[in-house]
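# Close look at the chain arrangement
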Amino acid sequence: MMLNVENIRSQFPILQQQIYNKPLVYLDNAATTQKPQSVIDALCGYYTHDNANVHRGVHMLSERATAAYESARDKIRALINAASTREIVFTRGATEAINLVASSWGETNIGAGDEVLISEMEHHSDIVPWQMLCERNGAKLVVAPINDAGELMFDAFEAKLSERTRLVGMVHLSNALGTINPVSDIIAKAHAVGAKVLLDGAQAVAHLNIDVQALDCDFYVTSAHKMYGPTGIGVLYAKEALLESMPPYQGGGDMISMVTFEKTQYNDLPYKFEAGTPNIAGAIGFGAAVDWLCETGVELIAAHEQRLLVYATEEALKFEGLTLIGTAENKATVLSFTIDGVHPHDLGTILDREGVAIRAGHHCAMPVMQHFGLPATARASFAAYNTETEIDVLFAALKKAQEIFA
Ligand code: 7TS
């Protein structure tokens, strides 16, 4: 079975527009995906019919809002196959989820002489929180290198693991390179030395089937907006025993069961980690995005994107003066590249005039750029609604840019 891409495209109102009188070709999906009508309707429907605060009111609207919010949590639980909704904490996104772990789990489990092991291909959000923690607590940030294809050097990674390693932070699917990391092997090796593993799944969940129990990862984070859902909402999955052992991240309403000036008793999981009024609409929109992903089929989407990536890679290899950045054997959805004599930002600007939206820059992964000795790359990243015709438009626009700068 193949995706019916025309049908999918018709569900995304934003794609029906023109940019500078040219059809919009949206290839910046790693930054954020567009939203189907069902997600937009869920957001609008909540504010139109059900808006109320959650977990508080005795009235009908609050009951409906709470039921929809909690039902979204269960949809996300099912999508990644977590054992319980107690393990699903809503956050602002992947970034906040990592900061939550670094602050709460990190402060209690990482001290002087301990090590946090990450890879050279991490997004800044899986570097800086650990760097800040290590600076505070006298721990050491250790980095496993990548090769020139943009793959983790597994032997070097293994060599850097030791009984000092308390946590391994690893991107599941790299936003800058498209590399899919061998996460099962990484987790097995890390657990063998007693380290916990956090997987950064910000790019992965819309492109791969995720089973956190089969993976046996300790923490998994993602953002709704990269999986056809709204911005400002994401999720931290963590094993229940870990969450039980962790102190709250923020204090306030909803995360308590009893407060006196002498002492506060914290709420049950997952509410202990959800202080204050949450992003209720966002969570409900997230739930609608999960419905959309499941109804469309993550595997069908992945197969479609893989065909696009293969086609785009063939075109790229034929394109004189183009260098691919990130040629891992196991990769998905991201085509990162440079073109001789044209700065990626200029490429991005010229492509925009052709209606083509890509990202140009360091992709919040400056160490990846440093590895390749580049200030930036141009990046096209694919989603369910992209087509081969759009890839043809991309390469025609690149040709135009090349001619302008020749
Ligand atoms: N981790 C990875 C691998 C990412 O690609 C991103 C965002 C994040 C974490 C952070 O997600 P957030 O939702 O909390 O911001 N990546 C990108 C990108 O590639 N272009 O714009 C944002």
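None of the values given here were measured: they were computed from a predicted structure. (Residues numbered from 1 in each chain as written. Predicted model: local features only at pLDDT ≥ 70, side-chain atom pairs only at ≥ 80, totals over all residues. Heavy atoms only, no water.)

### What to know about the pairing of strand 4 (residues 88-91)
The alternating pattern of strand 4 places Ile-88 and Phe-90 on one face and Val-89 and Thr-91 on the opposite face, and all of these are buried. Pairing analysis gives 4 bridges linking strand 4 to strand 10 (residues 234-238), with the strands arranged antiparallel. Paired with Thr-91 across the bridge in strand 10 is Gly-234. (Buried < 20%, exposed > 50% of the residue type's maximum accessible area, 1.4 Å probe, protein only. Helix = DSSP H or I, 4+ residues; strand = E, 2+ residues; numbered from the N terminus. Pairing = 2+ DSSP bridges.)

### A look at the site of the ligand
Among the 16 residues in the neighbourhood of the ligand, the closest are listed as Thr-95, Asp-200, Ser-223, Arg-359 and Arg-379. For the ligand, a nitrogen atom lies 3.4 Å from a polar atom in the side chain of His-123. When residues of the shell around the ligand are assigned to domains, at least three fall in each of domain 1 (5-30 + 297-404) and domain 2 (40-295). (Near = heavy atom within 4 Å. Polar contact = N/O pair within 3.5 Å; in protein donor to acceptor, adjacent residues only side chain to side chain. Domains from an automatic or database assignment.)

### Here we look at the domain arrangement of the protein
When its domains are assigned, the protein resolves into domain 1 (5-30 + 297-404) and domain 2 (40-295). If you average the C-alpha positions of domain 1 and of domain 2, the two centres end up 28 Å apart. Carbon and sulfur atoms supply 56% of the area buried between domain 1 and domain 2, which totals about 2700 Å² over both sides. For domain 1, the biggest contributors to the area lost against domain 2 are Val-298, Cys-364 and His-371; these three give 20% of the whole. Seen at the junction of domain 1 and domain 2, the total is 21 residue pairs in polar contact (both at pLDDT 80 or more). Mapped onto the side of domain 1 that touches domain 2, the elements with two or more residues apiece are helix 11 (298-318), strand 14 (334-339) and helix 13 (366-372). Grouping the constituent residues of the side of domain 1 that touches domain 2 by class yields 21 nonpolar, 10 polar and 5 charged. (Buried area = accessible area lost by both parts, 1.4 Å probe. Nonpolar A, V, L, I, M, F, W, Y, C, P; charged D, E, K, R; others polar.)

### Some words on the pattern of salt bridges
Under the criterion given, the structure shown has 19 salt bridges. Where Arg-73 meets Glu-274, a salt bridge forms, and the shortest distance between an N and an O atom there is 2.7 Å. Of the two residues, Arg-73 sits in helix 3 (residues 60-79) while Glu-274 sits in the loop between strand 12 (264-266) and helix 10 (280-296), which places them 201 residues apart along the sequence. The network of salt bridges with shared partners includes Lys-22, Glu-354 and Lys-400. (Salt bridge = Lys/Arg side-chain N within 4 Å of Asp/Glu carboxyl O.)

### Thoughts on the pairing of strand 7 (residues 165-171)
Of all 7 residues making up strand 7, 6 are buried, and the element is well covered by its neighbours. In terms of strand pairing, strand 5 (residues 115-119) meets strand 7 through 4 bridges, oriented parallel. Considered in strand 7, the bridge of Glu-115 is made with Thr-165. Judged from the 5 bridges that link them, strand 7 and strand 8 (residues 196-200) form a sheet pairing that is parallel. By the bridge assignment, Leu-167 is partnered in strand 8 with Lys-196. This β-α-β element, strand 7 to helix 7 (residues 183-192) to strand 8, shows right-handed connectivity. (Right-handed = clockwise from strand over helix to strand, strands pointing away.)

### Some thoughts on the environment of Val-221
Secondary-structure assignment places Val-221 in strand 9 (residues 219-223). Overall, the relative accessible area of 0% leaves Val-221 in the buried class. Between the C-alpha atoms of Val-221 and Ala-204, which are 17 residues apart in sequence, the distance is 9.8 Å. Residues in contact with Val-221, not counting those within four places in the same chain, are Ala-94, Ala-97, Ile-98, Leu-198, Leu-199, Asp-200, Gly-201, Ala-202, Val-235 and Leu-236. (Contact = heavy atoms within 4.5 Å.)

### Observations regarding the side chain of Asp-200
Inspection of the secondary structure assignment puts Asp-200 in strand 8. Of the side chains with opposite charge, Lys-226 comes closest to the buried, unpaired Asp-200, at an N-O distance of 8.4 Å. A distance of 3.0 Å separates a polar atom in the side chain of Asp-200 from the backbone nitrogen of Ala-202. Among residues more than four places away in sequence, those in contact with Asp-200 are Ile-98, His-123, Ser-125, Asp-126, Met-170, Val-171, His-172, Leu-173 and Val-221. (Lys, Arg positive; Asp, Glu negative; His and termini not counted.)

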